[in-house]
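Descriptive structure summary
The lines below spell out each chain.
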Amino acid sequence: MYKFDNKQIERWSPWILLLAVVLLWQVLCAALDVSPFIFPSPALILKDFIEYHSVIATHAWRTFWVTMAGFGLAIVVGVLLGFLIGSSRLAYAAVYPLMTAFNALPKAAFVPVLVVWFGIGIGPAILTAFLISFFPITVNIATGLATLEPELEDVLRVLGAKRWDVLIKVGLPRSMPYFYASLKVAITLAFVGTTVSEMTASNEGIGYLLISAGSSMQMGLAFAGLLVVGAMAMAMYELFSWVEKRTTAWAHRGSQNH
């Protein structure tokens, strides 16, 4: 008799849980006779997804590449700013509290301002995705550099290494696990930023589709759009996890035996 080991159970557990949630969702909608205009069933969502797949695909592609543009900008700015902050204890102490305060501001509040500056279109969406996603990258890079052990720095200095050598040859490699962790968080936030901006300042994208579907009471279509955004975010998350495991295997060697 075939037995599942722990690794196989872990690999399939998300899909089993997802299937259980979908089945429970469908059963509750049917048993309680929930109106599709309030909370559509998975069957209705699938029906609308198939019926409007071309429309959904068009809007999804627009949301995807706009999000990737904002996310790419966030990586460049986040890494550079994180390196500058983390390389100096004074800069870390001075800038980190200000960045934390900035991150606490609701990014949706910036959308009307961005519309005034750049007009309705891709500009506000790209910048919203950037504003909401660069903070985790900056903080993780800065933390990885700023928490470099003083004893290790002292040893390297004795061996003739300069501050720049310590940061580049030791600090940056040490920060890579922090960096990939920030990417997995930031990419999901980037999709949120793009979708929120598209809901108020665009005539394309999943955010626009949600507003249009909601105003016409096509809740199945609206939920289909939400699921597509979630699927894109999850796919990018898994991509970064895959790259992380193959480029920073040394940081995960302790967990590979479990």
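Quick caveat: nothing in here was measured; it's all calculated off a predicted structure. (Residues numbered from 1 in each chain as written. Predicted model: local features only at pLDDT ≥ 70, side-chain atom pairs only at ≥ 80, totals over all residues. Heavy atoms only, no water.)

Moving on, we get to the nonpolar core. Grouped together as the largest cluster of nonpolar side chains are 43 residues, with contacts concentrated most on F71, I137, L183 and F191. The set of elements that each furnish at least two residues to this core consists of α1 (6-31), α3 (53-86), α6 (122-146), α8 (163-201), α9 (205-215) and α10 (219-247). Each residue touching I137, except ones within four places of it in the same chain, is listed here: F71, A74, I75, G78, V79, F179, S182, L183 and A186. (Core = buried A, V, L, I, M, F, W, Y, C linked by side-chain atoms within 4.5 Å. Buried < 20%, exposed > 50% of the residue type's maximum accessible area, 1.4 Å probe, protein only. Helix = DSSP H or I, 4+ residues; strand = E, 2+ residues; numbered from the N terminus. Contact = heavy atoms within 4.5 Å.)

Counting across every chain of the model gives 10 aromatic pairs. Ring plane angle 55° and centroid distance 6.1 Å describe the contact between F102 and F134, whose orientation is recorded as tilted. Separated by 32 residues along the polypeptide, F102 in helix α4 (residues 89-104) and F134 in helix α6 bring together distant segments of the chain. According to the relative accessible area criterion, F134 is buried, its value standing at 8%. Residues F130 and F134 carry aromatic rings whose centres are separated by 5.2 Å and whose planes lie at 20° to one another, so their mutual orientation is stacked. Of this pair, F130 and F134 both sit in helix α6, four residues apart, which is roughly one turn of the helix. What makes F130 buried here is its relative accessible area of 13%. Each residue in the set F102, F110, F130 and F134 is aromatic and connected to the rest through ring pairs, giving one cluster. (Phe/Tyr/Trp six-rings, centres within 6.5 Å; stacked < 30°, edge-to-face > 60°.)

All right, on to α9 then. Along α9, the residues classified as buried are G205, I206, G207, L209, L210 and A213. Positive backbone phi, at 60°, marks M217, one or two positions downstream of α9.

Attention now goes to the pattern of salt bridges. Evaluation of the coordinates by the stated rule reveals four salt bridges. Across the pair E198 and R62 runs a salt bridge, and its minimum N-O distance is 3.3 Å. One end of the pair, E198, is in helix α8; the other, R62, is in helix α3, with 136 residues separating them in the sequence. Judged by relative accessible area, E198 falls into the buried class, the value being 0%. Note on R62: relative accessible area 5%, which makes it buried. The shortest N-O distance in the salt bridge between K184 and E244 comes to 2.9 Å. Separated by 60 residues along the polypeptide, K184 in helix α8 and E244 in helix α10 bring together distant segments of the chain. Across the pair, exposure class does not vary: K184 and E244 are buried alike. Overlapping salt bridges, with partners in common, bring together K47, D48 and E51 in one network. (Salt bridge = Lys/Arg side-chain N within 4 Å of Asp/Glu carboxyl O.)

So, about the packing of α3 against α4. Remark: α3 packs on α4, axes separated minimally by 8 Å, with the N-to-C direction vectors making an angle of 135°. Taken together, the axis directions place α3 and α4 in an arrangement best described as oblique. Residues L81, L84 and I85 of α3 pack against A91, Y92, V95 and M99 of α4. Of the residues assigned to the contact of α3 with α4, the class counts are seven nonpolar, no polar and no charged. (Axes fitted to C-alpha atoms, helices over the stretch in contact; angles between N-to-C directions. Parallel < 35°, antiparallel > 145°, perpendicular 65-115°, else oblique. Nonpolar A, V, L, I, M, F, W, Y, C, P; charged D, E, K, R; others polar.)

Together, W12, W15, I16, L18, V22 and M234 make up an exposed nonpolar region whose accessible area comes to about 650 Å². For the nonpolar patch, the element with the most residues is α1, which contributes five residues. Within the secondary structure, M234 sits in helix α10. (Patch = residues over 30% accessible without salt bridge, like charges linked within 9 Å, V, L, I, M, F, W, Y side chains within 5 Å. Areas by Shrake-Rupley, 256 points an atom, 1.4 Å probe, with all protein chains shown as cover.)

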